[in-house]
Each structure stands twice: as structure tokens, then as C-alpha cells.
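Residues per chain, in single letters:
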Amino acid sequence: MAEQTIGKISPNELLSETLRLKNDGYRLVAISCTNKEGIELTYSFDKEYDFINLRLNIDYDTTIESVSLIYPYAFLYENEITELFGVKITNISVDFDSTLYRIGVKTPFNEPKEEK
Amino acid sequence: MDKRTIIPFGPQHPVLPEPIHLDLVMEDEVVVQAIPQIGYVHRGLEKLVEKKDFQQYTFVAERICGICSFMHGMGYCMSVESIMDVEIPERAKFLRTIWSELSRLHSHLLWLGLTADAFGFESLFMHSWRLREQVLDIFEQTTGGRVIFSVVDIGGVRKDISEDMLKKIAALMDTFEKEVKEITDVFLNDASVKSRLVGVGVLTKQQAHDLGAVGPMARASGIEEDMRTQGYAAYGKINFKPIVAQSGDSYARTEVRIGEIFQSMDIIKQCIAIMPEGEIKVKIKGFPNGEYFTRLEQPRGEVIYYVKANGSKFLDRVRVRTPTFANIPALLETLKGCALADVPILILTIDPCISCTER
């Protein structure tokens, strides 16, 4: 398996680390969310095929800052995560207030997992 | 400031094959701002990973989109293979590359047809789709399917292509090249076509970078980035360079996709010329445990497959970031300042796939 860089950060470091990468010329590739044992957010960046990730582990009650002031187009990723997982993100530049997707179930990806 | 009006565009519109809605803020005939609304057909396919095991999910991944279904399945399999440290056979890598490039070929021909239809050149639309049918025929002859192929699997591919069929495909590529050139010459040189594309919806290189554009959308603005150059599947053994244009307008996006049509044919011929003999699949043992991000180049641009596994047969998470999702902010930028009549063309020049976006 090829090595992939995933650096762990705290919520307090999110904006400063993101800004550092933006100033280094990195492009925000995606923001991904997993809900196993709390919320795990992964911010992925690329610069000339150099692919790095920032990992943030938080609980459901923690509110994090939007990175859309640094990467304006992050608003789509952040709205999606808010709507599907119920993650609390403040100051999203274009906040759809959980209406990005027309889904009938509130935070569907945050439901308790069924017994397999 | 002139009086502003809001014109709702979509979700149903003659040029839109799939539903997307834009609120267009207008000053007279000029778009000042565009506010997107998606989510009309969100299917929650990523959530299905809780119900289907990691091998069954290959079939779900293929159904994310009917245009690049093969590459969706392949990207998912590549992530699982990376987690399980599985090296697939060389022949399988070449077969995956051939089917990937055939997918790009038919996707770009589909896009050319839709674009011709959008600017009212109906015969060009029909010729584009007539040629695309030949690619779908190859799919049918090699996989049994025209939309969903089900040939990619974790560990390789399920079906081989016979030597006779490979020779037939190589010969077809030669004649196909001449036929495609007849229509692409019209796209690139016809005055009525150029009047709808040249200088329309300019996205500068800096804007493309700042807005995270990917694929032909970014390459048409001078960004030389193509995930295939990283050598996944058999691309490391193939001689090619990313197709790039500089002007960043709708014409440049057409130019890049047309260049990629001919490039795909060349890559397919190169693959057939050096296709190795041997097995097409290795047996998988155990369950995946770990996480991996796979990035590959779909017809619409870079796509990401994130897979997180826990050592059981059910995965914790599959996340797909599709190229259309990444290109929406760039689309909104190109719409600013354009005429209302150019909105359909500009939406089409990102080659939107809402099915992918609302996976």
C-alpha cells in the first residue's frame, strides 16, 4: 500500500493549519466525514500530486469553524457534512441550513448502525 | 444599479439531462450571481455500505453513474486492494485501462452530442451519438453490458478480452479516428459553433486553482493536472501527456475534450500493442482492515474514493468525491457576467453528472 499522509490536529488548529496549506499553494480536494466512535473529519489537500490529509476527531457536541473563509468552495462539503452527519459547523460562507439535499430523514448518516 | 430579477433555471430544462437548479440573479440580460440547488435525486449509496459487504459493494459503486460506471467500480476496488495490499495481475491492469479509456471515449462523445444539441446543431448531435454507439457496441461485445459492465472485481477483472477481439478493437480505432475527426473538425472550425463557444465563460488559471476545479475544466484553463500521470492501472507503461489549453473559455473546454478523445484511442492502441499474457484475477483472502484514498481520472476529472475498513466483511465508510461536485463552484464563477442565453452552454461545459454528485 502506498504511504498516505494523515496528520492529526485539534479543532483549535484547524483554521491555522488550513491557512498554512492555502498559503503554500495547496488545493482543498475534499472534506470527508466518518461517524465511527464520534466524528472523524478528514480535510484532503493537493499540490502538484502531493496529497496530504488533516484529521480531526471530535464528539457530536463540538462545534467547529468553517474553512470556507479560506477556501470559499468548501461550503459545499461543509453543507453536505452538516446535513448528512449533523456535524455542527459555524460561519459557512453559503449556509444551506440543511437544505442542500432534499432528503426526508434528518442527518441520515448519523443513525445508529444496525446489528450485522 | 439596474433593477435585479431572479430567474429560476431548472431543475427541468431542455438542455439538462439531469436535475439541477440555479437561481440566476439578473441585471437585464446579464447574470450577476448564480445560487445552486441540488439534491433532487440524492440516493444515499454511500450509506448502503452498511448493508452490503465489501465484495457486494463493487456492484453498488458501479451504479453511482451510468456514464463512468466502470471507473466507479475500479476506483472502489483500487482502494480495497490498497488496504489489503493486493497486487492485481498485469493483464488485468491493461484490461482496466482499455475499459477506462473506452469509457472516456463514449463519455466525451456523449458530451459533444449534448453540447451540439444545446446550441441547436441537431445533425452534429446525431453524428456524435451515432459514433458513440460504436463504443457501446465494443462494451457489449467485451463485457455483455452497454451501461453497467460488472467486469471489475477486487483482485482484477472478471472477464478477459480475446486476442481476436483486441485486434478488432485496434482496427476499429483506426477507422473510428477518421470518422470522429469529421465531426470534431466542425466543433473546432465551424463559425456558428465558435460563435457560441469562443470567449464564453472564461475561467482563468488562477480562478480554476482557487475554486478547486478538476479535469477538463481545469486543464482548459492551463492547469496541467491529470491523475492518470500517476501511473495507476497500466498508465505508468503508456506514453501520454495531459491535454491542456490556455484560454479557459467554453471553446478551450471543447478543445481539451476533443484532444482527449484522440488520446484515448491512442492509449487503447498502445495497450493492445503491449498487452501481457497471463491471469486476470488474484484470489482475495480475509477482510480489509485500514483506510485508503484512491484518486483517479474520470472523464469529468479527478475522483476520490475513500474506504475505511474494520477487519470485518462490512466497511465502516465509503466516501466518493465526484468531479462534478468539485466543479460546481467554478461553474458558478463562469456564469457571472454571462448572457442568459449562454447559461445552458456554460452548465454543459462542466459536463455535469448529477447522478455522480447525488450518489
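Preceding this paragraph is the structure being described.
On a predicted model such as this, the values are computed, not experimentally measured, just so you know.

Draft legend 1. Molecular detail of the pattern of salt bridges. Within this structure, the stated rule accounts for 37 salt bridges over all chains. We note a salt bridge from A:Arg55 to A:Glu40, for which the minimum N-O separation is 3.5 Å. Taken as a pair, A:Arg55 in strand 4 (residues 50–58) and A:Glu40 in strand 3 (residues 39–47) lie far apart in primary sequence, 15 residues in all. With a relative accessible area of 3%, A:Arg55 lands in the buried category. Judged by its relative accessible area of 9%, A:Glu40 falls in the buried class. Salt bridges sharing partners connect three or more residues here, namely B:Glu101, B:Arg104, B:Arg219, B:Asp226, B:Arg228, B:Glu260 and B:Glu297.

Draft legend 2. Broad picture of the interface of chain A and chain B. Counting residues at the interface gives 42 residues for chain A, matched by 45 residues for chain B. Summed over both partners, the interface of chain A with chain B comes to about 3900 Å²; 54% of that surface belongs to carbon and sulfur atoms. Linking chain A to chain B there are six salt bridges. Between B:Glu302 and A:Arg27 there is a salt bridge, with its nearest N and O atoms 3.0 Å apart. Linking chain A with chain B are 14 residue pairs in polar contact (both at pLDDT 80 or more). Looking at the side of chain A that touches chain B, the elements with two or more residues in it are strand 2 (27–34), strand 3, strand 4 and helix 2 (74–85) of chain A.

Draft legend 3. A look at the side chain of B:Thr97. Residue and element names in this part refer to chain B. Residue position: Thr 97 is located in helix 3 (residues 90–118). Given a relative accessible area of 0%, Thr 97 falls into the buried group. Among the polar contacts listed, one links the side chain of Thr 97 to the backbone nitrogen of Ala 234, at a separation of 3.0 Å.

Draft legend 4. Quick peek at helix 1 (residues 14–23) of chain A. All names here are of chain A. Residues Leu 14, Glu 17, Thr 18 and Leu 21 constitute the buried set of helix 1. End-on view of helix 1: buried residues confined to an arc of 100°, all on one side of the axis. Of the surrounding elements, those touching the buried residues of helix 1 are strand 1 (5–9), strand 3, strand 4 and strand 5 (63–65). Downstream of helix 1 by one or two residues, Gly 25 has phi in the positive range, about 90°.

Draft legend 5. A look at the sheet that holds strand 6 (residues 289–298) of chain B. All names here are of chain B. Read across the open sheet, the three strands follow the order 6-7-8; overall the sheet is antiparallel. The open sheet has two edge strands, strand 6 and strand 8 (315–321), and neither has a second partner. Taking each pair of neighbouring strands and ignoring which way they run, the sheet shows an average axis angle of 10°. Sheet analysis places strand 6 next to strand 7 (residues 301–310), joined by ten bridges and oriented antiparallel. Bridge pairing in strand 7 links Asn 289 to Asn 310. Against the sheet, helix 2 (residues 69–83) makes contact with strand 6, strand 7 and strand 8, and its axis sits at roughly 145° relative to strand 6, the strand it touches most.

Draft legend 6. The side chain of B:Asp351, seen in detail. Residues and elements named next belong to chain B. Along the chain, the position of Asp 351 falls in the loop between helix 11 (343–349) and helix 12 (354–357). Residue Asp 351 is classed as buried on the basis of its relative accessible area of 2%. Apart from the residues lying within four places of it in its own chain, the contact partners of Asp 351 are Ser 107, Trp 111, Arg 257, Arg 300 and Thr 324.

Draft legend 7. How the structure looks around the packing of helix 4 (residues 122–143) of chain B against helix 5 (residues 163–189) of chain B. Residues and elements named next belong to chain B. For the pair helix 4 and helix 5, the least separation of the axes is 10 Å and the interaxial angle reads 165°. Between helix 4 and helix 5, the angle is such that the two are roughly antiparallel. Considering the relative orientation of helix 4 and helix 5, their crossing is left-handed. Of the residues in helix 5, those touching helix 4 at Leu 124, His 127, Ser 128, Arg 130, Leu 131, Gln 134, Val 135, Ile 138, Gln 141 and Thr 142 are Met 165, Lys 168, Ile 169, Leu 172, Met 173, Phe 176, Glu 179, Val 180, Ile 183, Val 186 and Phe 187. Looking at the contact of helix 4 with helix 5 residue by residue, the class counts come to 13 nonpolar, five polar and three charged.

Draft legend 8. Fine view of the environment of B:Glu333. Residues and elements named next belong to chain B. Structurally, the position occupied by Glu 333 is in helix 10 (residues 323–335). Judged by relative accessible area, which is 24%, Glu 333 ranks as partly exposed. For Glu 333 and Gln 33, which are 300 residues apart along the polypeptide, the C-alpha to C-alpha distance reads 8.3 Å. Among all residues touching Glu 333, those that are not within four sequence positions of it are Leu 203, Gln 207 and Leu 211.

Draft legend 9. Inspection of the packing of aromatic side chains at higher detail. All chains considered together, the criterion is met by 14 aromatic pairs over all chains. For the pair A:Phe45 and A:Tyr71, a centre-to-centre distance of 5.8 Å together with 45° between the ring planes defines the contact as tilted. Note that A:Phe45 is positioned in strand 3 and A:Tyr71 in the loop between strand 5 and helix 2, a separation of 26 residues in sequence. A:Tyr71 shares its class with A:Phe45; the two are buried. One aromatic cluster in this structure is built from A:Phe45, A:Tyr71 and A:Tyr73. If you follow B:Arg132 out to its NZ or CZ, it ends over the ring of B:Trp129, 5.7 Å from the centre. Lying over the aromatic face of B:Trp111, B:Arg257 brings its terminal NZ or CZ to 4.3 Å of the ring centre.

Draft legend 10. Representation of the environment of B:Ser107 within the structure. Positionally, B:Ser107 belongs in helix 3. The spacing of B:Ser107 and B:Cys68 is 39 residues in sequence and 7.4 Å in space, taken between C-alpha atoms.

Conventions we followed
Residues numbered from 1 in each chain as written. Chains lettered and ligands numbered in written order. Predicted model: local features only at pLDDT ≥ 70, side-chain atom pairs only at ≥ 80, totals over all residues. Heavy atoms only, no water. Salt bridge = Lys/Arg side-chain N within 4 Å of Asp/Glu carboxyl O. Helix = DSSP H or I, 4+ residues; strand = E, 2+ residues; numbered from the N terminus. Buried < 20%, exposed > 50% of the residue type's maximum accessible area, 1.4 Å probe, protein only. Contact = heavy atoms within 4.5 Å. Buried area = accessible area lost by both parts, 1.4 Å probe. Polar contact = N/O pair within 3.5 Å; in protein donor to acceptor, adjacent residues only side chain to side chain. Arc of directions from axis to C-beta. Pairing = 2+ DSSP bridges. Axes fitted to C-alpha atoms, helices over the stretch in contact; angles between N-to-C directions. Parallel < 35°, antiparallel > 145°, perpendicular 65-115°, else oblique. Left-handed = near helix turned anticlockwise from the far one by under 90°. Nonpolar A, V, L, I, M, F, W, Y, C, P; charged D, E, K, R; others polar. Phe/Tyr/Trp six-rings, centres within 6.5 Å; stacked < 30°, edge-to-face > 60°. Lys NZ or Arg CZ within 6 Å of the ring centre and 35° of its normal.

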